[in-house]
Protein chains: 2
Amino acid sequence: MNYLEKRILEDGIVKPGNVLKVDSFLNHQIDPMVMEEVVNEFLNYFGDRKITKVITIEASGIAPAIMLAAKLKVPMLFAKKTEPSTLKNENRYESEVHSYTKGVTSNVIISKEYLDETDSVLIIDDFLANGQAALGLADIVQQSGAEVAGIGICIEKSFQKGHELIKEAGLDLFSICRIKSLEDGEVQFMEE
Amino acid sequence: MNYLEKRILEDGIVKPGNVLKVDSFLNHQIDPMVMEEVVNEFLNYFGDRKITKVITIEASGIAPAIMLAAKLKVPMLFAKKTEPSTLKNENRYESEVHSYTKGVTSNVIISKEYLDETDSVLIIDDFLANGQAALGLADIVQQSGAEVAGIGICIEKSFQKGHELIKEAGLDLFSICRIKSLEDGEVQFMEE
């Protein structure tokens with residue numbers, strides 16, 4: 001069992017509707033020790049790739065992404081969320097992302113200045129559930145002509161469809177914790 | 001001249017309306033080397049305080065705040081922005097923050113679980129202009145009974161009123177770069 005899995009069992013709270021509350025250490029209050037362990041897990045898995053950029057989406061992906069980028073000595077880029085608009089802006093890559101949790105669709109945007117076909121990009125996020133955010137970021141990376149080096153996730157809800165969608169898209173996915181079930185208020189991890 | 005000032009002169013772009021675009025290294029694409037220099041400046045100034053928590057506001061304050069928190073070995077907490085609501089939530093501290101840049105008012109919120117009167121809190125943000133975000137965070141810290149140990153800012157637009165408002169509130173403000181003027185497309189720093 002890795003450090004993040006231990007912290008989830010100690011400090012995570014399961015809420016109705018398959019919600020795992022980890023805002024005491026991961027996505028509201030953030031424990032830097034958790035970040036350091038998370039970064040080491042990502043380095044173990046992705047460290048030998050030639051990564052030129054780490055990207056994530058605001059807001060809670062920023063902490064693990066910048067700390068990993070600092071270790072890899074490459075820039076970090078975070079996509080911003082905006083209202084969907086029919087007005088296209090020539091200077092940015094855009095992808096529509098639907099959040100099932102919040103019931104809203106946003107545009108995620110990255111300036112064209114900072115991604116191009118010479119880049120090999122690692123996508124980082126705190127959670128993977130239905131995969132919409134990760135697939136939106138992968139779409140942006142591919143629009144730029146850059147390569148998706150992989151997708152690194154802190155906590156995956158493996159009982160939702162994100163894992164399968166990312167695998168079907170042929171992308172290399174590494175999730176530090178894979179949760180099989182949150183039924184009856186209990187966290188069960190996938191077996192290795 | 002410090003490292004951040006040099007990068008502003010090299011890579012910052014002055015846009016009409018006193019806008020300084022630094023999204024190639026500070027608030028969209030983030031250069032981890034800039035973050036390391038910024039963290040060192042904050043440590044030089046605030047390093048001897050007894051700080052128990054670093055707080056910021058989503059999204060672009062998160063990168064410097066988590067990297068500083070990692071050095072101080074204390075938790076980082078980021079306030080979330082929500083729509084203003086007349087419905088008060090008992091479980092969180094709230095403060096209204098008006099953005100002059102975006103012309104919108106948001107509620108910034110922090111869960112009551114993570115701040116109390118035993119805390120001494122360092123507030124970090126990337127920009128200081130009219131001071132509304134920093135003062136909103138200070139308001140939240142004070143609601144909790146905690147102490148504001150100080151306010152650390154990467155780039156201050158000293159020709160706007162934030163600096164004065166924070167000083168008037170009796171708070172200890174340290175800005176790594178203080179910009180006197182962006183007139184005629186040229187960045188001028190305050191003299192030491």
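Residues numbered from 1 in each chain as written. Chains lettered and ligands numbered in written order. Predicted model: local features only at pLDDT ≥ 70, side-chain atom pairs only at ≥ 80, totals over all residues. Heavy atoms only, no water.

With that settled, the discussion passes to the relation of the copies chain B and chain A. Structural alignment of chain B on chain A gives an RMSD of 0.0 Å, achieved by rotating through 180° and translating 0.0 Å along the axis. Viewed as a symmetry operation, the transformation between the two copies matches a two-fold axis. Taking C-alpha positions as reference, the residue of chain B nearest the rotation axis is Ala 59 of chain B, located at 2.6 Å. Of the interface residues in chain B, 100% have counterparts in chain A that sit at the interface too, so the contact is made through matching surfaces. (Least-squares fit on C-alpha atoms with pLDDT ≥ 70 in both. Contact = heavy atoms within 4.5 Å.)

Once that is clear, we can look at the environment of Ser 85 of chain A. All names here are of chain A. Take Ser 85: it is sitting in the loop between strand E5 (76–82) and strand E6 (92–99). With a relative accessible area of 31%, Ser 85 lands in the partly exposed category. Considering only alpha carbons, one finds Ser 85 and Lys 21, 64 residues apart in sequence, at a separation of 32 Å. (Helix = DSSP H or I, 4+ residues; strand = E, 2+ residues; numbered from the N terminus. Buried < 20%, exposed > 50% of the residue type's maximum accessible area, 1.4 Å probe, protein only.)

Residue and element names in this part refer to chain A. Here strand E8 (residues 120–128) lies mainly inside the structure; nine of its nine residues are buried. Summarising the sheet, strand E4 (residues 53–57) and E8 pair through three bridges and their orientation is parallel. Along E8, the bridge assignment pairs Lys 53 with Val 121. Of the strand pairs in this sheet, E8 and strand E9 (residues 147–157) are connected by eight bridges, and their pairing is parallel. Counterpart to Phe 127 in the pairing with E9 is Ile 155. At this point the chain moves from E8, through helix H4 (residues 132–143), to the parallel E9, and the crossover so formed is right-handed. (Pairing = 2+ DSSP bridges. Right-handed = clockwise from strand over helix to strand, strands pointing away.)

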